[in-house]
Amino acid sequence: MAILELNNVTYIYKNKWQTTRAVNNVSYAFDCGKVYAIVGKSGSGKTTLLSMLAGLDTPTEGQVLFDGTPTNKINRDAYRRNSVSVIYQSYNLFPLLTILENVTYPLELCGMKPASAREKAKKMIEVVGLTDVVYRRYPAMLSGGEQQRIAIARALCSSAKVMLADEPTGNLDTENTANIISILKDLAHREGYCVIIVTHDMAVAEKADVIIRMTDGNLIPEA
Ligand SMILES: Nc1ncnc2c1ncn2[C@@H]1O[C@H](COP(=O)(O)OP(=O)(O)OP(=O)(O)O)[C@@H](O)[C@H]1O
Ligand SMILES: [Mg+2]
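In this text the structure is predicted, and so the values were computed from the model without any measurement.

S.K.: So what's going on with the pattern of salt bridges? Which residues, and what values?
M.R.: This model, assessed by the stated rule, comprises 2 salt bridges. The closest approach of N and O atoms between D77 and R80, which form a salt bridge, is 3.0 Å. Here D77 and its partner R80 are both found in helix α2 (residues 76-82), 3 residues apart, which amounts to about one turn of the helix. When the shortest N-O distance is used, the salt bridge between R190 and D186 registers 3.8 Å. Of this pair, R190 and D186 both sit in helix α6 (residues 174-191), separated by 4 residues, roughly a single helical turn. Look at R190 and you get exposed, because its relative accessible area is 68%.

S.K.: Describe the packing of helix α3 (residues 99-109) against helix α4 (residues 114-127), with residues and values.
M.R.: Axis separation between α3 and α4 bottoms out at 8 Å; the angle between their running directions is 125°. When the axes of α3 and α4 are compared, the pair comes out oblique. As for the relative orientation of α3 and α4, their crossing is right-handed in sense. Listed contacts from α4 to I99, L100, V103, T104, L107 and E108 of α3 are P114, A117, R118, K120, A121, K122 and I125. Among the residues making up the contact of α3 with α4, the classes are represented as 8 nonpolar, 1 polar and 4 charged.

S.K.: So, unusual backbone geometry: which residues are in play, and what are the values?
M.R.: Peptide bonds are mostly trans, and most non-glycine residues show a negative phi. For N8, which is not a glycine, the phi torsion comes out positive at approximately 50°. When you line up the elements, N8 lands in strand β1 (residues 4-14). Using a relative accessible area of 43% as the deciding quantity, one classes N8 as partly exposed. Not every positive phi belongs to a glycine, and N25 is a case in point at roughly 50°. Summarising the element assignment, N25 is placed in strand β2 (residues 19-30). By relative accessible area, N25 is classed as partly exposed at 46%.

Calculation rules
- Residues numbered from 1 in each chain as written.
- Chains lettered and ligands numbered in written order.
- Predicted model: local features only at pLDDT ≥ 70, side-chain atom pairs only at ≥ 80, totals over all residues.
- Heavy atoms only, no water.
- Salt bridge = Lys/Arg side-chain N within 4 Å of Asp/Glu carboxyl O.
- Helix = DSSP H or I, 4+ residues; strand = E, 2+ residues; numbered from the N terminus.
- Buried < 20%, exposed > 50% of the residue type's maximum accessible area, 1.4 Å probe, protein only.
- Axes fitted to C-alpha atoms, helices over the stretch in contact; angles between N-to-C directions.
- Parallel < 35°, antiparallel > 145°, perpendicular 65-115°, else oblique.
- Left-handed = near helix turned anticlockwise from the far one by under 90°.
- Contact = heavy atoms within 4.5 Å.
- Nonpolar A, V, L, I, M, F, W, Y, C, P; charged D, E, K, R; others polar.

Structure follows, in structure tokens:
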């Protein structure tokens, strides 16, 4: 069974002045064990779609199902904490926490003892190619690509089987991009994760198992 399913999902942004149909009646099923790449022009609805998969929001119409249950019927705080991990387009690091605290914090939130949380955080910081030099710095003291890798390290700490990533390699050089993509592929192929990456980079998309194109709120899977 699909781990995540979109069932006739529409998302409409509405304010006093305008209505934008960002996602337009989309249906799709995502399985475990695969890397999906969602590609499409700026403004085509990719982040909006990812927000619904991440449980940050629910559809205006239709349903997002996680393991068969609609996300508007589950405790979405628990869903976000335990079932999905997200790498945001804008990283979303906590500016007033150090780098090590940023990676450790979600683990402690899930009840891990501080010492074990720190140990795991350090390991993942190493996995994304950074060292103890960054532990005590604040996010603003890191380059864009370093911040992006810390956001990835934080997501890698999670044991959630669904990994959602919005432009995870947007600020990385080719070497770091290749490293991150190979980590995400390993998670999917060896550990059965469902990995969904939004990307503008066709070289990244081509490494995925499935490429899905988004155009004006519509999803078109590519053969
Ligand atoms: N908070 C909002 N209020 C109103 N409209 C919005 C809001 N957020 C996004 N939109 C609109 O919804 C559409 C889809 O936006 P979205 O952020 O999902 O695009 P995207 O594919 O992620 O683009 P990018 O590649 O630039 O990140 C766009 O037309 C955008 O202007
Ligand atoms: Mg976006």
